[in-house]
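Structural features, examined
Here's the letter readout for the chains.
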Amino acid sequence: VLLASSHLARRRSRRDEVIAAGPWDVVFVDEAHHAGRAGSKAKGTPNTLLRLLQDMKAHGSWRALYLASATPMQMHAHEAWDLLELLGLPGQWGQDAGPFVRYYEELREGFLNREWPFLRKMSADHFSDPRVRPAEEIDRRVRRDLGLAGSWFVREFAKQGLSPEAARELDAEKRAWLDEWLRANTPMRERVFRTTRGLLRRYVEEGVLPADTTIPKRRVADHFIPMRPDEAALYERIETYISRYYDAYMSGDKAQKPLGFIMTVYRRRLTSSFLAIELSLKRRLSALIRDGQASDLLTPDDVTALEGSTAFDPDAFDGPAAQFANEVGELKAFIGELEKRPPVESKMEQLRDELMGAFYSDHDTAVVFTQYTDTLDYLRDQLVGTFGSKLICYSGRGGERWDPEVKAWVPVTKKRVKELFREGKDVKILL
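Scoring rules and cut-offs
- Residues numbered from 1 in each chain as written.
- Predicted model: local features only at pLDDT ≥ 70, side-chain atom pairs only at ≥ 80, totals over all residues.
- Heavy atoms only, no water.
- Helix = DSSP H or I, 4+ residues; strand = E, 2+ residues; numbered from the N terminus.
- Buried < 20%, exposed > 50% of the residue type's maximum accessible area, 1.4 Å probe, protein only.
- Contact = heavy atoms within 4.5 Å.
- Areas by Shrake-Rupley, 256 points an atom, 1.4 Å probe, with all protein chains shown as cover.
- Pairing = 2+ DSSP bridges.
- pLDDT = per-residue confidence, 0-100.
- Salt bridge = Lys/Arg side-chain N within 4 Å of Asp/Glu carboxyl O.
- Patch = residues over 30% accessible without salt bridge, like charges linked within 9 Å, V, L, I, M, F, W, Y side chains within 5 Å.
- Lys, Arg positive; Asp, Glu negative; His and termini not counted.
- Charge placed at Lys NZ, Arg CZ, Asp CG, Glu CD.
- Expected span 1.5 Å × (residues − 1).
- Polar contact = N/O pair within 3.5 Å; in protein donor to acceptor, adjacent residues only side chain to side chain.
- Phe/Tyr/Trp six-rings, centres within 6.5 Å; stacked < 30°, edge-to-face > 60°.
- Lys NZ or Arg CZ within 6 Å of the ring centre and 35° of its normal.
- Core = buried A, V, L, I, M, F, W, Y, C linked by side-chain atoms within 4.5 Å.

1. Some thoughts on the overall build of the protein
Regarding its fold elements, the protein presents 20 helices and eight strands. Within the protein, the fraction of its 431 residues that count as buried is 42%. By sequence separation, contacts in the protein at least 24 residues apart represent 67% of the contacts at least 6 residues apart. Entry remark: accessible area of the protein is about 23700 Å², with carbon and sulfur atoms responsible for 52%.

This is how it looks when you write it as structure tokens:
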């Protein structure tokens, strides 16, 4: 089994290694929604992850492919097609995104304004796969409500189609059933499966899951934390710097645009923690001074974050960093101010209060997520004085736990991290 996450798609050489290493019985791609195209056009350039998956499909790298995402998504129809096409689509469904998008656009048209021959051909292509069966629930209900003979025109639509004259003769009920049939019986139904909390609760009610299964309830509380004046001034100064250079690079020639995208990384890091942006600016200053590569400006965390952008390709970072920037003095000034800032940020104070409040109420354990390893390191260094070995971390480095005897963070296996946190006795906080 190959566990392929977006970090596998960082460079062309890595893509070649992945393809050469196959084929596998199963390929599982987490965060699959990151596979997309530049811009919002169906013909846009595939990003690194989508290209990797397309190349793997062309080389027969899997017998089974699973594309997973736990992220709420808003996507264009052609972006859904890009993912479905990796699983194989019959007839015109697999030709390109055009017929796929047009099918759903036709179903949004008024009933009498539709191109029925096109819809029939698409439906026939769907049922051309001998493994495909009509959507069971819709098939059962249409037979029940319209009768075996009365439902024939719906169930046999893929073979018989519907003429404009016949469409005009259908009453509202029959039109509604044909609409449901056409929306339900598509390659989407065969290939897309959603698991929601509501569905899990239904599984418990129907005995699919054990009766004692706990399905968590989601309660979201946004806290807006005011900055201290010194923090706000530093934040605004760095934000202005980011915006100015972003505009300059994005309005320049093609070779400069990657540096514009790097500025968006800095904005994310600034909102994460002052330590995260400080380390990024130090990395940038070092690359500019020693004439390093543009790729040296990014950490693995940054590359992973940018691969989620369909407007960015990590392979673009092949040139020297110095040709993109001339801001050494400004960077040195920022870094000097960052190094003099108070060690405890306002957000850190709020987090500590939240955790203490949670443990004094009805919570036994807490999980704290952050996108950047640099911020994780800042959090653990701030919290270890209060929580000591009750604090445990997991990141791309693996598991780590504070050892009070040697006064250092020591490696812990992922299995042990999960065991300790699940028990909730010796470990209370997972970063």
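2. Topic: the sheet that holds strand β6 (residues 398-403)
Spatially, β4-β8-β5-β6-β7 is the arrangement adopted by the five strands of the open sheet, whose pairing is mixed. Looking at which strands have only one partner, the edges of the open sheet turn out to be β4 (366-367) and β7 (408-412). As defined by bridge partners, β6 adjoins β7 across five bridges and the pair is classed as antiparallel. When the sheet's bridge partners are listed, W402 is paired in β7 with W409.

3. Describing the confidence of the model for the protein
The pLDDT averaged across the protein works out to 84; a share of 87% of its residues lies at or above 70. Of the regions scoring below 50 in pLDDT, residues 1-10 engages in 34 contacts with residues more than four places distant in sequence or in other chains.

4. Considerations on the pattern of salt bridges
Side-chain pairs of opposite charge can arise where the charged atoms are in close proximity. Under the definition given, this model contains 29 salt bridges. The salt bridge involving E106 is made with R102; its shortest N-O contact spans 3.7 Å. Here E106 pairs with R102, and both are found in helix α4 (residues 97-108), just four residues apart, close to one helical turn. Look at R102 and you get partly exposed, because its relative accessible area is 33%. Among the ionic contacts, a cluster of salt bridges with common partners joins D377, R380, R397 and E400.

5. Section: a positive patch on the surface
Residues R197, R201, K217, R218 and R219 make up a contiguous surface patch of positive charge. Tracing the sequence through the fold places R201 in helix α12 (residues 197-205).

6. A short note on α4
For α4, with twelve residues, the first-to-last C-alpha span of 17 Å sits near the 16 Å given by 1.5 Å per residue. Where α4 is concerned, the buried positions are A97, P99, F100, Y103, E106 and L107. Where α4 begins, the capping side chain belongs to D96, and its oxygen is found 2.6 Å from the backbone nitrogen of G98.

7. Things to note about the environment of T365
Along the polypeptide, T365 turns up in the loop between α18 (346-360) and β4. With 65 residues separating them in the primary sequence, T365 and L430 have C-alpha atoms 8.0 Å apart. For T365, the contacting residues outside a window of four places in its chain are F359, F421, G424, V427 and K428.

8. Regarding the packing of aromatic side chains
For the coordinates displayed, the defined rule picks out ten aromatic pairs. When the centroid spacing of 5.4 Å and the interplanar angle of 70 degrees are considered together, the rings of F100 and Y104 count as edge-to-face. With F100 and Y104 both in helix α4, this residue pair falls four residues apart, about one helical turn. Here the aromatic residues W93, F100, Y103 and Y104 are joined through ring pairs into a cluster of three or more. Of note, R102 hangs over the ring of F118, and the distance from its end group to the ring centre comes to 3.8 Å.

9. Describing unusual backbone geometry
For the bond running from G22 to P23, omega is 0 degrees, close enough to zero to count as cis. Among the secondary structure elements, P23 is positioned in the loop between α1 (12-21) and β2 (24-29). Its identity is not glycine, yet E31 carries a phi of approximately 50 degrees, on the positive side. Note on placement: E31 falls in the loop between β2 and α2 (48-58). A relative accessible area of 26% means that E31 is categorised as partly exposed. In the Ramachandran plot, K407 falls in the positive-phi region, its phi being about 55 degrees despite a non-glycine side chain.

10. Quick look at the nonpolar core
In terms of nonpolar packing, the biggest core is built from 28 residues, with Y103, W116, L162, L178 and L182 touching the most fellow members. Looking at this core, the elements with two or more residues in it are α3 (77-86), α4, α5 (116-127), α6 (136-150), α7 (152-155) and α10 (172-184). Among the elements that take part in this core, α10 stands out by supplying five residues, more than any other. Other than its neighbours up to four places away in sequence, L162 contacts F111, W116, F157, A167, L170 and L178.

11. A word on the side chain of E400
Turning to its location among the elements, E400 is positioned in strand β6. For E400, a relative accessible area of 13% gives the class buried. In terms of polar contacts, E400 uses its side chain to reach the side chain of R380, at 3.1 Å. Those residues within four positions of E400 in sequence are excluded, and the remaining contacts are R380, I392, C393, S395, W409, V410 and V412.

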